[in-house]
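Results of the structural survey
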Amino acid sequence: MTTAAGGTSNPRRRGGRLTTARGDGQLLFLREFVRAPLRTASVIPSSRSLAEQMVRPLNHRDWTQRAPVVLELGPGTGAFTRVIQETAPKGTRHLGIELNPAMARHLSSTFPDVEVIVGAAADLPHMLHRIGIDGVDLIISGLPWQSFAGPAGPRLVDTIAGCLAPGGTYTQFTYAWTRWAPPARRQHRTLHESFDEVQVSRTIWRNLPPAFVYTSTRPTPADG
C-alpha cells in the first residue's frame, strides 16, 4: 500500500472525529503507561512542537524525482503520525512498527493510510524485506529507554542505521532532564558509533516534559 500523505483533504482530520480520536488516544496512552510504564515511557503523548522537530528532515529535501519512505518506530497513538500525514510530500509511503497491539489497532483506525505492523524494532530488516522495501529515507523513533537498555541497545541502533536508504536520516528524541544521566550519555555515544554525523536540537520547552532531538545521518559501515 502506497500512501498519499499531505496535499489532499482527509475528512478524518476534521471536526469531531479527529477530536474524539485524540481524546481516545490520550486515554489509551495513559492506560498503557499504567499497564507497562517501561514500555510506554511517558504518561502523555508527545507535543506537536516535538513532532515537527522529529519530521523536520523530511521537509528539507527535494522529492520531485520520487516520493520518500518514512517509518515510525513505536508510533504509539500517533502524535508524530499526524504531523507526517499533514506535511509529507504526496505519494509518501508511511509505515509504523508498533509493539503494543492495542496502540497498533488505534493507529490503524485513526490513520488508515499508514501501514501499521505489529512487531519489534529488532526485527526491522526482516519486516522491510517482506514488504519489498530496500531502504527508508526517514526513520523516526519514539521508542522508550528500555528498548536501548542492556547489551542489545547498540545493536538496535546499528540495525536502524542499516535500514536507511542512501542519504537517509534517523531522528530520536529524549527528555531534557535525563540528558546527563548515564543512559543518555550511553545513547549519544552509541549514535556516534553508528553515524558519522549526530546533531542535537535545542531544548523543546513546549513539550511536557521538555525534550530534545538527535538527528543522525551518514551511517557508519558495519565493518568500520
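Throughout this document, residue positions are counted from 1 along each chain, in the order its sequence is written. Under the rules for a predicted model, residues below a pLDDT of 70 receive no local features and side-chain atom pairs below 80 are neither given nor counted, while totals for whole chains, interfaces and linings still include all residues. Side-chain figures throughout are based on the complete set of non-hydrogen atoms in the structure, without hydrogens or water.

1. With respect to the overall build of the chain
A run of H or I in DSSP counts as a helix once it spans at least four residues, and a run of E counts as a strand once it spans at least two, with each numbered from the N terminus. Helix and strand counts for the chain stand at eight helices and seven strands. Across the 224 residues that make up the chain, the buried fraction comes to 48%. Every residue pair with non-hydrogen atoms within 4.5 Å of one another is taken to be in contact. Of the contacts formed within the chain by residues at least 6 apart in sequence, a portion of 70% connects residues at least 24 apart. Residue-level accessible areas treat just the shown protein chains as cover; the underlying method is Shrake-Rupley with a 1.4 Å probe. Split by element, the accessible area of the chain, about 11,300 Å² in all, is 54% carbon and sulfur. Per-residue accessibility, obtained with a 1.4 Å probe over protein chains only, is compared with the maximum for each type, and a residue is labelled buried under 20%, exposed over 50%, and partly exposed between these values.

2. Quick notes on the environment of Val136
Among the structural elements, Val136 can be located in strand β4 (residues 136-141). The residues contacting Val136, other than those within four sequence positions of it, are Val69, Val70, Leu71, Leu128, Cys163, Leu164, Ala165 and Gly168.

3. Some details on the sheet that holds strand β7 (residues 211-219)
The seven strands lie next to each other as β3-β2-β1-β4-β5-β7-β6, forming an open sheet whose pairing is mixed. In the strand order of this sheet, the two ends are held by β3 (115-118) and β6 (195-200), each with one partner. Taking each pair of neighbouring strands and ignoring which way they run, the sheet shows an average axis angle of 20 degrees. Each pair of strands is called paired provided DSSP finds at least two bridges between the two strands. Here five bridges tie β6 to β7, and the two strands are oriented antiparallel to one another. Considered in β7, the bridge of Val198 is made with Ser216. Comment: axis = line fitted to C-alpha atoms, over the contacting stretch for helices; angle = value between 0 and 180 degrees taken between N-to-C directions. Contacts between helix α4 (residues 79-87) and the sheet are confined to β1 (69-73), β2 (93-98), β4 and β5 (164-175), with β1 contributing the most and set at about 170 degrees to the helix.

4. Let's talk about α4
Since the α-helix turns once every 3.6 residues, residues separated by three or four places project in the same direction. Extensive coverage of α4 is indicated by the burial of seven of its nine residues. When we look at burial in α4, the residues that qualify are Ala79, Phe80, Thr81, Arg82, Val83, Ile84 and Gln85.

5. Thoughts on the side chain of Ser141
Take Ser141: it is sitting in strand β4. In protein, a polar contact means a hydrogen-donor-capable atom and an acceptor-capable atom, both N or O and within 3.5 Å, with residues adjacent in sequence counting only if both atoms are side-chain atoms; elsewhere, any N or O pair within 3.5 Å suffices. Within the structure, Ser141 has its side chain in polar contact with the backbone nitrogen of Leu143 (distance 3.2 Å). Here Gln172 takes part through its side chain, which lies 2.5 Å from a polar atom of the side chain of Ser141. In contact with Ser141, not counting residues within four places along its chain, are Met54, Leu73, Phe80, Phe148, Tyr170, Thr171, Gln172 and Phe173.

6. Here's the deal with the confidence of the model for the chain
The predicted model of the chain averages 82 in pLDDT, with 79% of residues at 70 or higher. pLDDT expresses how confident the predictor is about each individual residue, on a scale running from 0 to 100. Looking at the elements of the chain, mean pLDDT is at its lowest for helix α2 (residues 37-40), recorded as 44, and at its highest for β1, recorded as 98. Note on residues 1-20: pLDDT under 50 across the span, and 40 contacts to partners over four residues away in sequence or across chains. In the predicted structure, residues 36-41 sits below a pLDDT of 50 and forms 12 contacts with residues beyond four places in sequence or in another chain.

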